[in-house]
Amino acid sequence: MEIIQLLLDGFLVALEPTNLFLVIIGCAVGLFIGAMPGLGSVNGVAILLPVTFIVPPTSAIIFLAAIYYGAMYGGAVSSIMLGIPGASTAVATTFDGRPLAVQGKADMALVAAAVASFAGGTISVILFTAFAPPLAHVALAFGSAEEFALMLLAFGTFIGLGGDDIPKTIFSILIGLVLSAVGLDVLSGQPRLIFGDIPGFFHGINFLVLAIGIYGIGEILWTIESSRGEVQVSQAVVTVRRIIDSLKQMGKSIKTVIMGSFVGYFVGLLPAAGATPGSIMAYGFAKTMSKDPDSYGKGNVDGVAAPESANNAASTGSMLPMLTLGIPGSPTTAILLGGMVIWGLEPGPRLFVDQTEFVWGLIASLYVANFFSVVLNVAFIPLFIWVLKLPFTILAPVIFVLCVVGGYAPTQDMHDVWLMLIFGVVGYLMRKLDYPMAPMVLAIVLGPLAESSLRQALLQSEGSLMVFIERPISGPIMGVALLLFLLPVFKAIKAKLTNSKGEVNAASGG
Amino acid sequence: MNLKLRRFAVLPLVLTAAAFFVSTVNVAHAAWTPRKPVEFVIMAGPGGGADKMARLMQTVIEKHNFSPKPFIPVNKPGGSGAEALVHMKSKKKDNHIVMVTLNSFYTTPLRQPNLRVDPLTFKPIARMAEDTFILWVHKDAGITNIEQFVDAAKKAGSKWTMAGTGKGGEDELLTSFLNKTYGLKMKYVPFKGGGRVAKELAGKHANSTVNNPSEALGFYESGDVVPIVAFTKDRLPLFPDTPTMGEVGVPYSYFMQRSVVGTPGMTDDAYEFYKGVFEKVYNSEEWKAYMKKKSLLGDFLSGNGLVDYWKVNNETHRKMLKEIGEI
């Protein structure tokens with residue numbers, strides 16, 4: 001067992017006093033950065049990169065990886081507590097995390113997020129340990145056609161579920177797709193939908209602007225309306241006993257967590273995808289597989305567990321193409337890659353052979369970082385709950401300020417702040433008219449990836465659609481995706497057979 | 001409420017004006033330094049040659065404390081650099097933003113006159129290097145020289161895919177050059193960033209690329225991709241067995257600038273500051289090592305020297321784009 005020996009050597013490196021200290025500090029800093037809306041792991045790693053020049057390269061990457069991990073945990077905190085995604089990777093956590101908090105079950109959601117993150121992190125690190133070099137080739141086998149098939153599958157999970165109003169879901173996805181088309185086209189370089197010549201639209205619509213708008217601002221408006229101005233205090237309570245109970249209940253979510261971890265890890269492996277699409281896709285899959293899909297979006301613990309296990313797993317997954325192929329799988333790993341260059345480490349297929357101490361020290365530190373992140377996170381839960389118990393008159397302005405900061409931070413353009421406020425009003429109206437908003441967020445995240453991969457694949461195949469079906473990986477994925485799209489039709493036919501006189505409006509996708 | 005807000009809004013203005021007054025009176029001769037973090041725009045996606053290089057520059061600046069305020073890298077890869085160019089133009093006269101640029105600096109404004117960007121108005125801070133291009137194929141294609149390449153590509157016709165970065169950029173120009181010179185019909189498919197292009201070839205989704213050595217190096221070292229010919233005047237030290245275009249009978253070379261520019265209308269004292277910073281980066285050990293390792297060429301250029309270089313290249317690109325019918 002050569003791998004185990006290498007891993008044990010790695011643990012010796014990771015548990016050196018300096019490195020252990022850096023892991024703990026990194027997790028704490030990451031937790032805070034992740035919890036601040038607008039600041040994500042990208043910013044954290046970018047800001048702290050220069051600090052790492054005073055320590056050896058191995059310690060440096062251990063520190064940055066700890067921040068990366070901590071931020072994945074922290075992102076869930078503000079998604080659940082305030083309904084504002086703390087980081088792009090935690091958008092899907094808002095879908096069910098916020099309703100849980102409103103129902104006074106914030107502690108349960110936070111425990112679920114922490115445990116799922118821990119499980120996702122651990123499963124992915126084990127996968128990383130065992131199959132790193134062969135999996136690098138899986139990433140290579142994914143071309144444009146496969147990428148598009150995967151994106152279609154993700155859309156399919158959101159359409160092909162019962163429960164939601166299907167025409168409204170499709171409408172919501174289409175709005176998201178239109179918004180994702182705004183800005184400069186990757187392939188032709190031409191600006192699209194820039195409304196005359198508004199410079200703010202050139203960089204497209206950042207999906208965090210949309211997500212913070214509809215969830216953060218929309219939520220405030222909704223609360224004000226539903227409480228009719230009466231001051232309300234959340235009924236959230238926290239005791240050690242409740243936390244232990246919540247931990248016990250997590251047993252029910254095991255299947256979701258395992259699924260989320262695998263989805264997150266494999267999506268994270270693919271260059272250009274990263275943790276955000278990974279977590280959203282895991283949410284979609286969890287909902288599809290669930291026996292009770294209707295409860296999603298209304299406060300289902302599995303709806304928190306799936307994206308949280310996936311985003312942590314994806315953060316490990318995206319290290320793999322960075323280390324073995326030199327291609328960053330996410331924006332954060334792009335910055336880590338820059339760091340490696342200056343530390344004198346050349347990422348590439350030979351890194352695992354030439355720099356064993358570095359690679360295995362990093363892998364071992366991922367285990368350690370995971371452990372400390374979950375401990376720190378659970379320990380802070382009472383503090384988070386305390387925030388939730390603040391009167392709404394104090395909390396609402398705080399949330400509003402955080403929304404504005406979060407909308408401004410990614411592009412540093414006031415244009416996006418105004419846009420976010422507009423989305424807030426739109427989100428509020430959509431909610432009032434009972435339109436699902438998650439599909440719109442999904443569409444704006446996956447839309448650009450789906451569009452460019454579709455066009456690239458069609459260019460390569462000279463316009464033949466067979467490219468999606470003929471290829472060994474994309475074919476099966478495509479098949480499953482189409483099945484999901486047709487699921488509502490089957491359901492409708494079934495309903496017609498059992499209730500032969502009922503009128504059926506079969507919604508078909510494709 | 002409104003009045004109160006207005007009073008608050010006026011306060012920073014007064015303070016800035018006061019600070020400006022004090023600084024111009026008292027320290028008129030002190031050199032300009034940034035007062036806040038510098039936005040370091042990268043005109044390409046993460047993982048490509050420009051991106052890796054920009055992040056190296058940033059880390060060198062941080063490591064040696066060349067700047068009192070940090071440089072924060074921001075990728076703006078959209079539309080072959082159009083996003084970054086428009087952004088720089090809209091930040092006119094802003095002293096706290098600089099951009100790493102490449103040859104789409106010429107080609108994108110030429111192809112898209114509606115952007116109304118004139119690259120020659122940008123502040124010529126530094127040319128850090130000239131990057132080189134090599135024609136790559138996958139090792140499984142069994143191609144080792146240009147004759148075999150031309151045979152295979154001819155046979156495949158328009159089924160032969162060349163992956164490259166962006167539309168109408170360096171890679172597409174080189175593709176059309178090869179098509180024209182050898183009578184080929186290779187099809188060009190644009191991707192976002194050179195790292196992704198390298199992956200397309202290594203994963204056999206494309207037949208060939210014209211990646212920069214820095215982008216393909218990892219897969220070259222692992223033996224997945226094979227260099228066929230270099231678009232340089234002399235053989236590259238890193239690839240001593242790879243012939244140049246001249247050696248295979250077509251005297252042709254093409255380079256990509258790796259430059260840093262300021263916004264149009266950046267003040268001269270700010271320009272002096274950035275020029276100093278990047279000159280120090282150019283002379284640093286890390287930069288020298290990087291240039292050697294990634295087969296980068298070229299001297300440090302700034303000011304009028306760089307503008308002259310731009311003028312020549314702008315005309316060359318205008319001609320090349322006209323030839324392939326892009327403009």
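Everything quoted here is computed from the prediction, not taken from an experiment.

With that settled, the discussion passes to the overall build of chain A. Scanning chain A for helices and strands turns up 22 helices and 2 strands. What you see for chain A is a C-alpha radius of gyration of 22 Å, in line with the 24 Å of a compact globule of 510 residues. Projected onto its principal axes, the C-alpha positions of chain A cover 70 × 60 × 50 Å. Looking at chain A as a whole, 59% of its 510 residues qualify as buried. Taking as baseline every contact in chain A between residues at least 6 positions apart, the subset at least 24 positions apart corresponds to 78%.

Time to look at the overall build of chain B. From N to C terminus, chain B includes 11 helices and 10 strands. Taking 327 residues into account, the globule formula puts the C-alpha radius of gyration at 20 Å, and chain B, at 22 Å, falls close to it. For chain B, the spread of C-alpha atoms along the three principal axes comes to 75 × 40 × 35 Å. Burial status across chain B gives 59% buried among its 327 residues. Taking as baseline every contact in chain B between residues at least 6 positions apart, the subset at least 24 positions apart corresponds to 77%. Accessible surface, chain B: about 13700 Å² in total, of which carbon and sulfur atoms supply 56%. Taking the average location of the 43 positive side-chain charges in chain B and that of its 32 negative ones, the two points are 8 Å from each other.

What follows covers the side chain of Ser208(B). All names here are of chain B. Here Ser208 is to be found in strand S8 (residues 208-209). The exposure class of Ser208 is buried, given its relative accessible area of 0%. Looking at Ser208, its side chain comes within polar contact range of the side chain of Trp160, at 3.0 Å. Dropping the residues within four chain positions of it, Ser208 is found in contact with Leu135, Trp136, Val137, Phe149, Trp160, Thr161, Met162, Ala163, Met186 and Leu201.

Tallied over the full model, the rule gives 30 aromatic pairs over all chains. Relative to Phe71(B), the ring of Phe40(B) lies with its centre 5.5 Å away and its plane at 85 degrees, an arrangement referred to as edge-to-face. With Phe40(B) in strand S1 (residues 38-42) and Phe71(B) in strand S2 (residues 71-75), this pair connects stretches of sequence that are 31 residues apart. Residue Phe71(B) is classed as buried on the basis of its relative accessible area, which comes to 0%. A ring pair is formed by Phe273(B) and Tyr274(B), whose centres lie 5.2 Å apart and whose planes are at 70 degrees; its orientation type is edge-to-face. Feature note: the residues Trp32(B), Phe40(B), Phe71(B), Phe273(B), Tyr274(B) and Phe278(B) constitute an aromatic cluster, connected by ring pairs. Lying across the ring of Tyr435(A), Lys168(A) places its NZ or CZ 5.0 Å from the centre.

Our next topic: helix H10 (residues 285-293) of chain B. Residue and element names in this part refer to chain B. Buried residues of H10: Glu286, Trp287, Tyr290 and Met291, and no others. All buried residues of H10 fall inside an arc of 130 degrees around its axis, so they share one side. The exposed set on the far side of H10, more than 90 degrees from its buried face, consists of Glu285 and Lys292.

In this section: the sheet that holds strand S5 (residues 134-138) of chain B. Spatially, 5 strands are ordered S7-S6-S8-S5-S9 (chain B) in an open sheet, and the strand pairing comes out mixed. Of all the strands in the sheet, just strand S7 (187-191) and strand S9 (225-230) of chain B have a single pairing partner and so form its edges. Where S5(B) and S9(B) come together, 5 bridges link them in antiparallel fashion. If you follow Leu135(B) over to S9(B), its bridge partner there is Val229(B). The sheet strands contacting helix H20 (residues 438-460) of chain A are strand S6 (161-165) and S7 of chain B, and the helix crosses S7(B) at an angle near 165 degrees.

Parameters at a glance
Residues numbered from 1 in each chain as written. Chains lettered and ligands numbered in written order. Predicted model: local features only at pLDDT ≥ 70, side-chain atom pairs only at ≥ 80, totals over all residues. Heavy atoms only, no water. Helix = DSSP H or I, 4+ residues; strand = E, 2+ residues; numbered from the N terminus. Rg over C-alpha atoms; globule rule 2.2 N^0.38 Å. Buried < 20%, exposed > 50% of the residue type's maximum accessible area, 1.4 Å probe, protein only. Contact = heavy atoms within 4.5 Å. Areas by Shrake-Rupley, 256 points an atom, 1.4 Å probe, with all protein chains shown as cover. Lys, Arg positive; Asp, Glu negative; His and termini not counted. Charge placed at Lys NZ, Arg CZ, Asp CG, Glu CD. Polar contact = N/O pair within 3.5 Å; in protein donor to acceptor, adjacent residues only side chain to side chain. Phe/Tyr/Trp six-rings, centres within 6.5 Å; stacked < 30°, edge-to-face > 60°. Lys NZ or Arg CZ within 6 Å of the ring centre and 35° of its normal. Arc of directions from axis to C-beta. Pairing = 2+ DSSP bridges. Axes fitted to C-alpha atoms, helices over the stretch in contact; angles between N-to-C directions.

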